[in-house]
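Breakdown of the fold
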Amino acid sequence: MPTVTLERQGRIGVIVIDNPPVNAMSWGVPGAMIARLAEANAGGALDGIVLMGGGSGVIAGADIRQFGQPWPAGEPNLRDMITAVEASAKPVIAALKGSCLGGGLELAMACHQRVAAPKTMLGQPEIKLGFPPGAGGTQRLPRLVGAERALKMILDGNPISAIQAFEWGLIDAVLEGDLPAAAVAHARAAIAAGGPFRLVRDRASSPVPHGLFETARAEAAKRRGPQAAALASIDCVEAATTLPFDQGLAKERSAFEHCLASEDSRALRHVFFAERAAAKVPGVGEDAKPQAIASAAVIGSGTMGGGIAMCFADAGIPVRLLDADPAALQRGLATIRRNYEATAAKGRISAAEVEARMGRITPVSGFDQIGGADIIIEAVFEEMAVKTEVFAKLDANAKPGAILASNTSYLNVDAIAATIPARAGFVLGTHFFSPANVMRLLEVVRTKTASPQTLASVLALGRRLNKVPVVSGVCYGFIGNRMLEGYVRQAEFLLEEGCLPQQVDKAITGFGFPMGPFAMADMAGLDISWRKRKSQSAARDPRRRYSPIADQLCEQGRFGQKTGAGWYRYDKGSRTPLADPAVEAMIVASARSQGISRRDIGPEEITERCLYPLVNEGARILEERIAARAGDIDTVWVNGYAFPPWKGGPMHWASRLGLPKVLASITAFAKIHDGWDPAPLLVRAVQRNEGWPS
Ligand code: 3H9
């Protein structure tokens, strides 16, 4: 149960909102806070009030879990709390620490002053949940920092530092040292000086740069993702500059309610909680304490190995980068440096930071030089024999208890672990996504033998590396790539049946993906999957339909962007895919040779044909317990494959469409096309009128 306490420190009252873990404004908090405020105002014992969050000090805003549930009758809410603060006869000073977000910042802006510890982050992240701020953020923030800065904060949703907030006038002071004591001292001094304690609502808005809102609207219209929340936010901030305060508030209120009820917001909130639920892994309890990871080693200095080494360097963890080929090692290091310098050129890190990060990466050439690392990740050629040879060397060189991980995308990590039985408890998969230093997903592949502590350690490490770790069981392609296969197959079949690559890609980007399957394949390089297909061709089931076009492209040396041609053609130095009549001719010829008569196929069928296989395979993955929950699958697809987050991931999307509708289409496709047998779990969920198992 949340508690709100009032403690007296001389003539200053300190109100602490204690609602672990993040002091959200759940039911009960506003009522208790209003009661403490009334106590603090009663009588003449106090001159002023300091308001802060308990525990870590974080105030994360409204309780997102309670959105969509009826607010208990008669129970005050966040807006009542804000009204009470503004009505307080004694000045209220917000003392901020950790993160002060959403409704937390809105509450702070209603206070008479704001102070913060130096590391505090302040923001209005509501847009990431699909709605504009709903408790005055769009009205008070522009009055404090100006409409331009307020728009930026509200539209990108990213927090700013306390130092920045002070420079912009969002807070009145940055306080060093113990925050409660410093805030009380600040309150005493401010009261002695007579303020100023002017409420933000009473301030006039500063002049707005010409064309600000028009430009913002034009940019919002181009924005990938839900535009309603962005456009509503712009309207509300504009209202802060044109309407009286209370009218602006009313406008914000209705925009907030409208967007909160949208499917986009529902999906984004699902993604928020699914990512956090993925951190809770069955069989890995509190007693599985993560082991300390102070140093790392990465084997293989290619694109993946270099990217993984950068993840460690970025997180401040020293890493040894091993490659037996000195030239490859030098090339790998040069690429890493180029990447850092490009980031510095964009102003995201300083030149000194480039050197600091490079300094954390030590190139080495022998296994004897990585034995001291707490975790060793191999990113060598994707072939079992190569991987097991590496693991044999790790067995001989790694210190006892070191975690040994394979960055395989497909191979059986149980089989790898079995080759070094004495260390099998420390072996698992860490499947990074390319570019590894950018992509947030980390599939943690749980072997049968990995100990809970090994898993807990890698999950904690993943979070330190700023990743979203999701545990997958062992199967071919794990969660993400196993599902990808059906998506790509159907996209290729659609070509033979009547589409062109650009039509398929357009339907998929129209759905919300940043790229369609063919543009994506050209970017990734067609040769990698070609090599894989060739190595497996003997095992291919001849009864299954097979589209040969991707192979034919590769046979002509069309490997995608890197060779200037793949599914598309590319002008020299350009990455813009251009439709290629030569590819169309290949498609038409392939259809003819298979006796397929091509027809017009609309975007709706393209979307269903490409995306329903994700749902069907996802259901199998869930039934086999490769993924612990449907939300884990969604987390994989949103963070690793750019499934539009405002659609919530494939499993959430299917639930919202209605599983009976999805099953009906899958069953209909199964009558015409190969590879559409409905997953038993999907059939059962529909028969029993249930959702995905939790
Ligand atoms: C809002 O305020 C609307 C207003 O404008 C208007 C209203 C009328 N509610 O992320 P973590 C849980 S909208 C409920 O792992 P961290 C989270 O699920 C809100 N629960 O920790 C997790 O639970 P569990 C605007 C929340 O240290 C636990 O706390 N605010 C909320 O890495 C720990 O979370 C936001 O969008 C919440 N608001 O990061 C802020 N926040 O342990 C969203 C967290 O059961 N929150 N939880 O899995 C965050 O960005 C991060 O959680 C934060 C801490 C930076 C605060």
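Reference entry: report on the structure contained in this document. (Residues numbered from 1 in each chain as written. Predicted model: local features only at pLDDT ≥ 70, side-chain atom pairs only at ≥ 80, totals over all residues. Heavy atoms only, no water.)

1. Quick look at helix α12 (residues 303–314)
Under the convention used in this document: Every helix listed is a DSSP run of H or I at least four residues long, and every strand listed is a run of E at least two residues long, numbered separately from the N terminus. In this scheme, a helix's expected span is set at 1.5 Å multiplied by one less than its residue total. Only protein chains enter the accessibility calculation, which uses a 1.4 Å probe. A residue is then buried if its area is under 20% of the maximum for its type, exposed if over 50%, and partly exposed in between.
In this model α12 runs 16 Å from its N-terminal to its C-terminal C-alpha over 12 residues, within 8% of the 16 Å that 1.5 Å per residue would give. Among the 12 residues in α12, 9 count as buried, and that is most of the element. Taken together, the buried positions of α12 are Gly305, Gly306, Gly307, Ile308, Ala309, Met310, Cys311, Phe312 and Ala313. Looking one or two residues beyond α12, the residue adopting positive phi is glycine 316, at roughly 85°.

2. Some thoughts on the state of the cysteines
The following threshold applies: Note on terminology: pairs of cysteine sulfur atoms within 2.5 Å are recorded as disulfides.
For the structure shown, the criterion picks out 0 disulfides. Here cysteine 499 is not cross-linked by a disulfide; its sulfur's nearest cysteine counterpart is in cysteine 610, at 8.2 Å.

3. What about the environment of alanine 277?
Of note, alanine 277 is situated in helix α11 (residues 263–277). Put simply, alanine 277 and arginine 629 are 352 residues apart on the chain and 8.9 Å apart in space, counted from C-alpha to C-alpha.

4. Quick look at unusual backbone geometry
Cis geometry marks the peptide bond from proline 20 to proline 21, where omega comes out at 5°. With respect to the helices and strands, proline 21 occurs in the loop between β2 (12–18) and α1 (29–41). Following serine 434, the chain continues into proline 435 via a peptide bond in cis, with omega recorded as -10°. Note that proline 435 resides in the loop between β15 (427–432) and β16 (441–445). Phi at asparagine 23 is positive, roughly 55°, even though this residue is not glycine.

5. Structural notes on the pattern of salt bridges
Cut-off, in case you're wondering: Should a side-chain nitrogen of Lys or Arg be within 4 Å of a carboxyl oxygen of Asp or Glu, the pair is scored as a salt bridge.
Applying the stated criterion across every chain, the model contains 39 salt bridges. With its nearest N and O atoms 3.0 Å apart, the salt bridge here joins arginine 217 to aspartate 235. Taken together, the residues span a long stretch of sequence, with arginine 217 in helix α8 (residues 212–222) and aspartate 235 in helix α9 (residues 228–242) at a distance of 18 residues. Note that aspartate 580 is salt-bridged to arginine 558, the shortest N-O span being 2.6 Å. On the criterion of sequence distance, the pair formed by aspartate 580 in the loop between α22 (549–555) and α23 (581–593) and arginine 558 in the loop between α22 and α23 is long-range, its members being 22 residues apart. Given a relative accessible area of 13%, aspartate 580 falls into the buried group.

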